[in-house]
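Fold and contact review
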Amino acid sequence: AADAVCDADIINRCVRGGQNWTLLPQVAALNLRVTSICQGNVGFPGFPQWLGKRSSQGKKQRLLSETAMHMRQRTMVNTSTLRLDYMCTLRD
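None of the values given here were measured: they were computed from a predicted structure.

**Some details on the layout of surface pockets**
Here the largest pocket is characterised by a volume of approximately 230 Å³. Surrounding the largest pocket, Gln-57, Lys-60, Gln-61, Leu-63, Leu-64, Thr-67, Leu-82, Arg-83, Met-87, Leu-90 and Arg-91 form its lining. At the level of secondary structure, the elements contributing two or more residues to the lining of the largest pocket comprise α3 (47-71) and α4 (79-91). Here the lining of the largest pocket takes six residues from α3, the largest share from any one element. Tallied by class, the residues present in the lining of the largest pocket amount to five nonpolar, three polar and three charged.

Encoded structure:
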């Protein structure tokens, strides 16, 4: 599957970079080859699940940064130090 993706990518670069639009049928055929090898399953999670996880990760990172910013008034702490040294104490 990786070789098929590489082949499709090489031809796609020729189309877009060299403006060689006559190669578009080959790009379509190579992309169909990739999907037939993968049998429609690329392994990437569904977009809604990915978006939810990304949103949660961003929220946690933002809260960590805000907490570190407030703690900097009294201590010398950055986000990694806060996460590694202080979070266990703050959670309890």
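**Re the environment of Arg-74**
Along the chain, Arg-74 falls in the loop between α3 and α4. Taking relative accessible area as the criterion, Arg-74 reaches 81% and is therefore assigned exposed.

**Remarks on the packing of helix α1 (residues 2-18) against helix α2 (residues 24-38)**
Taken N-terminus to C-terminus, the directions of α1 and α2 make an angle of 160 degrees; their axes are 9 Å apart at the nearest point. As summarised for this structure, α1 and α2 are arranged roughly antiparallel, according to the angle between their axes. Viewed along their axes, α1 and α2 form a crossing whose handedness is left-handed. On α2, the residues that touch Ala-4, Val-5, Asp-7, Ala-8, Ile-11, Asn-12 and Val-15 of α1 are Leu-24, Gln-26, Val-27, Leu-30, Asn-31, Arg-33, Val-34 and Ile-37. Partitioned by chemical class, the residues of the contact of α1 with α2 number 10 nonpolar, three polar and two charged.

**Section: α1**
For α1, with 17 residues, the first-to-last C-alpha span of 24 Å sits near the 24 Å given by 1.5 Å per residue. Along α1, the residues classified as buried are Ala-4, Ala-8 and Val-15. Down the axis of α1, the buried set is contained in an arc of 25 degrees. They therefore lie on one face. Facing away from the buried side of α1, by more than 90 degrees, are the exposed residues Ala-2, Asp-3, Ile-10, Arg-13, Gly-17 and Gly-18. On its buried face, α1 is in contact with α2.

Thresholds applied
- Residues numbered from 1 in each chain as written.
- Predicted model: local features only at pLDDT ≥ 70, side-chain atom pairs only at ≥ 80, totals over all residues.
- Heavy atoms only, no water.
- 1 Å grid on protein atoms, 1.4 Å probe; cavity = no way out; pocket = protein on both sides within 12 Å on 5 of 7 lines; lining within 4 Å.
- Points joined across faces, edges and corners; volume = space filled by probe spheres on them.
- Helix = DSSP H or I, 4+ residues; strand = E, 2+ residues; numbered from the N terminus.
- Nonpolar A, V, L, I, M, F, W, Y, C, P; charged D, E, K, R; others polar.
- Buried < 20%, exposed > 50% of the residue type's maximum accessible area, 1.4 Å probe, protein only.
- Axes fitted to C-alpha atoms, helices over the stretch in contact; angles between N-to-C directions.
- Parallel < 35°, antiparallel > 145°, perpendicular 65-115°, else oblique.
- Left-handed = near helix turned anticlockwise from the far one by under 90°.
- Contact = heavy atoms within 4.5 Å.
- Expected span 1.5 Å × (residues − 1).
- Arc of directions from axis to C-beta.

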